[in-house]
Amino acid sequence: MILLQSPSRYLLQILSNRVQNFEKGVELDCQWVEFDDIRYHIQGSVKNPNVLLLSVSLPIPPPETVLFGGLPLGALEAIKAAYGVVAQILDPPRDGFNLTLKLNLAKLPSDEEHKHALLTKIASVREVVMGAPLRAVLKQLVTRTVSDLGKPVALVHRPNESFFLVPQEFVEARRTAGLNNAPPCLWSPSPPQELKEAFTETLSANAGFVSFVIFPRHVEGRKLDRTVWNLSTFHAYVNYHVKCSECFMHTRMRRQVESLIQALDRAKPDSEKAKRNSPSRSFKRMSLKDGNNSFGSRSWK
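Residues numbered from 1 in each chain as written. Predicted model: local features only at pLDDT ≥ 70, side-chain atom pairs only at ≥ 80, totals over all residues. Heavy atoms only, no water.

K.L.:
Explanation requested: the confidence of the model for the protein chain in the structure shown.
P.N.:
Any region with low pLDDT has predicted coordinates that should not be read closely. Per-residue pLDDT for the protein chain has a mean of 79; in total, 76% of the residues score no lower than 70. Per-element averaging of pLDDT across the protein chain places helix H10 (residues 288–296) at the bottom with 53 and strand S7 (residues 99–104) at the top with 95. Here residues 170–178 scores under 50 on pLDDT; set against residues more than four positions off or in separate chains, the count is eleven contacts. Across residues 297–301, confidence stays below pLDDT 50; counting only partners more than four residues off in sequence or on other chains, it has zero contacts. (pLDDT = per-residue confidence, 0-100. Helix = DSSP H or I, 4+ residues; strand = E, 2+ residues; numbered from the N terminus. Contact = heavy atoms within 4.5 Å.)

K.L.:
Sorry if this is basic, but what is going on with the packing of helix H5 (residues 132–143) against helix H7 (residues 223–232) here?
P.N.:
For any two helices packed against each other, one specifies the inter-axial angle together with the distance between the axes. Two elements in contact, H5 and H7, have axes whose closest approach is 10 Å; the angle formed by their N-to-C orientations is 135°. It follows that H5 is oblique to H7 by the angle criterion. In the crossing of H5 with H7, the sense of the turn from one axis to the other is right-handed. Where H5 abuts H7, its residues Leu134, Arg135, Leu138 and Lys139 lie against Leu224, Asp225, Thr227, Val228 and Leu231. Here the residues of the contact of H5 with H7 are counted per class, giving five nonpolar, one polar and three charged. (Axes fitted to C-alpha atoms, helices over the stretch in contact; angles between N-to-C directions. Parallel < 35°, antiparallel > 145°, perpendicular 65-115°, else oblique. Left-handed = near helix turned anticlockwise from the far one by under 90°. Nonpolar A, V, L, I, M, F, W, Y, C, P; charged D, E, K, R; others polar.)

K.L.:
Would you mind showing me how to read the sheet that holds S7 here?
P.N.:
Whether parallel or antiparallel, the strands of a sheet pair through hydrogen bonds between backbone atoms. Ordered by their spatial adjacency, five strands build an open sheet running S1-S2-S3-S7-S6, and the pairing between neighbours is antiparallel. The strands lining the two open edges of the sheet, one partner per strand, are strand S1 (28–34) and strand S6 (87–89). Strand-to-strand twist of the sheet, defined as the mean angle between neighbouring strand axes without regard to direction, takes the value 20°. Relative to strand S3 (residues 51–57), strand S2 (residues 38–44) runs antiparallel, the two sharing six bridges. (Pairing = 2+ DSSP bridges.)

K.L.:
Explanation requested: the packing of helix H1 (residues 9–20) against helix H3 (residues 112–123) in the structure shown.
P.N.:
One can describe the packing of H1 onto H3 by two numbers: an axis separation of 9 Å at closest approach and a directional angle of 140°. Taken together, the axes of H1 and H3 lie oblique to each other. By crossing handedness, the relation of H1 to H3 is classed as right-handed. Listed contacts from H3 to Leu11, Leu12, Leu15, Ser16 and Val19 of H1 are Lys115, Leu119, Thr120, Ile122 and Ala123. For the contact of H1 with H3, the per-class residue count stands at seven nonpolar, two polar and one charged.

K.L.:
What exactly am I supposed to notice about the pattern of salt bridges here?
P.N.:
Two side chains with opposite charge may pair up if their charged atoms get near one another. Inspection of every chain in the model, using the stated rule, returns three salt bridges. Close ionic contact of Arg135 with Glu127 constitutes a salt bridge, the shortest N to O distance being 3.6 Å. A relative accessible area of 5% places Glu127 in the buried class. The shortest N-O distance in the salt bridge between Asp225 and Arg135 comes to 3.3 Å. Of this pair, Asp225 sits in helix H7 while Arg135 sits in helix H5; the two residues are 90 residues apart in sequence, bridging distant segments of the chain. For Asp225, a relative accessible area of 34% puts it in the partly exposed group. Residues joined by salt bridges that share partners form a network here, namely Glu127, Arg135 and Asp225. (Salt bridge = Lys/Arg side-chain N within 4 Å of Asp/Glu carboxyl O. Buried < 20%, exposed > 50% of the residue type's maximum accessible area, 1.4 Å probe, protein only.)

K.L.:
Can you help me understand the nonpolar core in this one?
P.N.:
Soluble, globular proteins show a tendency: their nonpolar side chains are buried together. One finds Ile42, Leu54, Tyr83, Leu103 and Val125 to be the most contacted residues of the largest nonpolar core, which totals 36 residues. Broken down by secondary-structure element, the contributors of at least two residues to this core are H1, S1, S2, S3, helix H2 (75–83), S7, H3 and helix H4 (125–130). Sequence-distant contacts of Ile42, defined by excluding residues within four places in its chain, comprise Leu11, Ile14, Leu15, Leu28, Asp29, Cys30, Trp32, Leu52, Leu53 and Leu54. If you look at the next biggest cluster of nonpolar residues, it comprises twelve residues, including Leu141, Phe163, Leu165 and Leu224. (Core = buried A, V, L, I, M, F, W, Y, C linked by side-chain atoms within 4.5 Å.)

Structure follows, in structure tokens:
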């Protein structure tokens, strides 16, 4: 089992190369898509190599999602808290994007460890932005101050897929020691009772419903960021392991076919081997004259 990492490896590579090669001052203009739903665009000029423009495009949210300035609830506050003076939010963002950040790399910490940590956080902009409303509700879960009990909170997730968070009161039941660390996971072909007030078109777009039950112990301390990331990238996680399982099965099938072919080859009669083991005979054609000479050359004693 492989857990996906929150930083964009390509974005982190671009940022690290830019910091290490300020003196080269190369032109930068790159676009790419990750997880089939997040589009990035980063630009840098030769005149001012310390400044980069990073734009992010989010998936189309469901109709009941609450947005502020085109971003999920709490995203602006999360960006300011995560990046400080290094990132400035441009309003309005670039055309076709939900967010544009002006990154001033000259304001990065001088300490190499802290600098790399902040670059990694910038490369994790997807988690910071899309996980903001989920993180806010889970923080309330830790402090037992959850508001709007039973009211579904729609989150920006993926096209044709809906992501709801339903805060509820609960009483933790005793579980076996081996399951204490894992949140309960349920699947149902029909929507759960908690989503009865959601839009019909949102619920009918799904092939099934996966439910996780998150307890305070799952979001305490450093577990919060990991839980937010695992929940928000659940589709990518499942899709990745499904493809890995397909590759594994195809590999086993090819090996099985190869072993069957070898067994069939061994069952065939080895005609070439039989030909090699048989005594070899050669014949020479002789004329009548050659025959007389051979008889005449015989001597008797």
